[in-house]
Amino acid sequence: PESAIKFMAYEQIKRAIRGQQDTLQVQERFVAGSLAGATAQTVIYPMEVLKTRLTLRRTGQYSGLLDCARRILEQEGPRAFYRGYLPNVLGIIPYAGIDLAVYETLKNRWLQQYSQESANPGIPVLLACGTVSSTCGQIASYPLALVRTRMQAQGERWLGAWPGRSLCWAPPPP
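The name that an unreviewed UniProt entry assigns to the chain is Solute carrier family 25 member 23, with the source organism given as Cavia porcellus. The chain has a UniProt comment under Subcellular location (unreviewed entry) that states "Membrane".

**Student:** Looking at this structure, how should I read the packing of helix α2 (residues 26–56) against helix α4 (residues 85–114)?
**Tutor:** How two helices pack is summed up by the angle between their axes together with the distance between the axes. At a closest axis distance of 7 Å, the pairing of α2 and α4 adopts a crossing angle of 135°. In terms of axis orientation, α2 runs oblique to α4. Viewed along their axes, α2 and α4 form a crossing whose handedness is right-handed. The residue inventory of the contact of α2 with α4, partitioned by class, reads 13 nonpolar, nine polar and two charged.

**Student:** Where do I start with the packing of aromatic side chains in this structure?
**Tutor:** Any pair of aromatic rings gets described here by the distance separating the centres and the angle formed by the planes. Here the structure, examined in full by the defined rule, presents four aromatic pairs. Their ring planes at 25° and their centres at 5.9 Å tell us that Tyr45 and Tyr82 sit as a pair that is stacked. With Tyr45 in helix α2 and Tyr82 in the loop between α3 (65–76) and α4, the pair connects residues that are 37 residues apart, well separated along the chain. Classification of Tyr45 as buried rests on a relative accessible area of 0%. Here the aromatic rings of Tyr82 and Tyr85 are separated by 5.6 Å at their centres, their planes lie at 75°, and the arrangement is edge-to-face. In this structure Tyr85 comes out as partly exposed when scored by relative accessible area, which is 23%. Cluster of aromatic residues (ring-pair linked, three or more members): Tyr45, Tyr82 and Tyr85. Taking NZ or CZ as reference, Lys6 lies 5.5 Å from the ring centre of Phe7, over its face.

**Student:** What exactly am I supposed to notice about the packing of helix α1 (residues 2–18) against α2 here?
**Tutor:** Taken N-terminus to C-terminus, the directions of α1 and α2 make an angle of 145°; their axes are 8 Å apart at the nearest point. Where α1 crosses over α2, the handedness of that crossing is right-handed. Its residues assigned to classes, the contact of α1 with α2 comprises twelve nonpolar, four polar and six charged.

**Student:** Is there a simple way to explain the nonpolar core in this structure?
**Tutor:** Nonpolar side chains in soluble globular proteins tend to end up buried together. Ranked by size, the top nonpolar core spans seven residues in total: Leu50, Tyr62, Cys68, Ala69, Ile72, Ala80 and Phe81. It is α3 that provides the largest number of residues to this core, a total of three residues. If near-sequence neighbours (up to four positions away) are discounted, Cys68 is found in contact with Leu50, Arg53, Leu54 and Tyr62. One finds Tyr10, Ile13, Ala32 and Leu100 within the second-largest nonpolar core, a separate group that totals six residues.

**Student:** Help me understand the pattern of salt bridges, please; the structure alone is not making it clear to me.
**Tutor:** Pairing is possible between side chains of opposite charge, provided their charged atoms come close. What the rule picks out here adds up to nine salt bridges. Residue Lys14 pairs with Glu11 through a salt bridge whose shortest N-O separation is 3.4 Å. You can see Lys14 and its partner Glu11 sitting in helix α1, three residues apart, about one turn around the helix. Lys14 gets classed as buried once you look at its relative accessible area, which sits at 6%.

**Student:** What's the story with the side chain of Ser133 in this structure? I'm lost.
**Tutor:** Turning to its location among the elements, Ser133 is positioned in helix α5 (residues 123–153). Under the relative-accessibility criterion, Ser133 is labelled buried at 1%. Apart from residues lying up to four places away in sequence, Ser133 is in contact with Ile98, Asp99, Val102 and Tyr103.

**Student:** Could you clarify how one ought to interpret a nonpolar patch on the surface in this entry?
**Tutor:** Together, Phe30, Val31, Leu35, Leu86, Leu90 and Ile93 give the surface a local cluster of nonpolar side chains, amounting to about 500 Å² of exposed area. Breaking the nonpolar patch down by element, the ones donating at least two residues are α2 and α4. Take Phe30: it is sitting in helix α2. You can call Phe30 partly exposed: its relative accessible area is 31%.

Cut-off values and rules
- Residues numbered from 1 in each chain as written.
- Predicted model: local features only at pLDDT ≥ 70, side-chain atom pairs only at ≥ 80, totals over all residues.
- Heavy atoms only, no water.
- UniProt positions renumbered as here; feature names shortened; annotations may be inferred.
- Axes fitted to C-alpha atoms, helices over the stretch in contact; angles between N-to-C directions.
- Helix = DSSP H or I, 4+ residues; strand = E, 2+ residues; numbered from the N terminus.
- Parallel < 35°, antiparallel > 145°, perpendicular 65-115°, else oblique.
- Left-handed = near helix turned anticlockwise from the far one by under 90°.
- Nonpolar A, V, L, I, M, F, W, Y, C, P; charged D, E, K, R; others polar.
- Phe/Tyr/Trp six-rings, centres within 6.5 Å; stacked < 30°, edge-to-face > 60°.
- Buried < 20%, exposed > 50% of the residue type's maximum accessible area, 1.4 Å probe, protein only.
- Lys NZ or Arg CZ within 6 Å of the ring centre and 35° of its normal.
- Core = buried A, V, L, I, M, F, W, Y, C linked by side-chain atoms within 4.5 Å.
- Contact = heavy atoms within 4.5 Å.
- Salt bridge = Lys/Arg side-chain N within 4 Å of Asp/Glu carboxyl O.
- Patch = residues over 30% accessible without salt bridge, like charges linked within 9 Å, V, L, I, M, F, W, Y side chains within 5 Å.
- Areas by Shrake-Rupley, 256 points an atom, 1.4 Å probe, with all protein chains shown as cover.

Here is the structure:
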């Protein structure tokens, strides 16, 4: 669902930014990508928290997805589903902005230079553009992804002893 939401939002935001223009500048693509990434993350973030908790659970801690969601809601409240959201959204802004802007820029440059008869550059070119753009986005956002994962993984026993605003690279308390 994240990619579908991101690409739908990206196209809508590009259309709103573009107005009567034929094309967007790189910085406009970056803004559209950043906003699209933030939109998608806002919608799917509770599922990311559930995924992280289920991955890091002790054997028998949760009987499944719904049990995990119910326990988090009962024991920690609804805000727990957005724990780590701020570093996540701060990380997704450069990641999605760079990823989508670089991808579209590379693809458009290739089409302008090598493809006069078709608007489809082909799978190898699309894979190369996607690989380069995703790598650039990952390099820019990795430190915040680490902070986000640490904050998502925090259970109720760590809330007072290791708040999210603390130094997340420190080992968790015993």
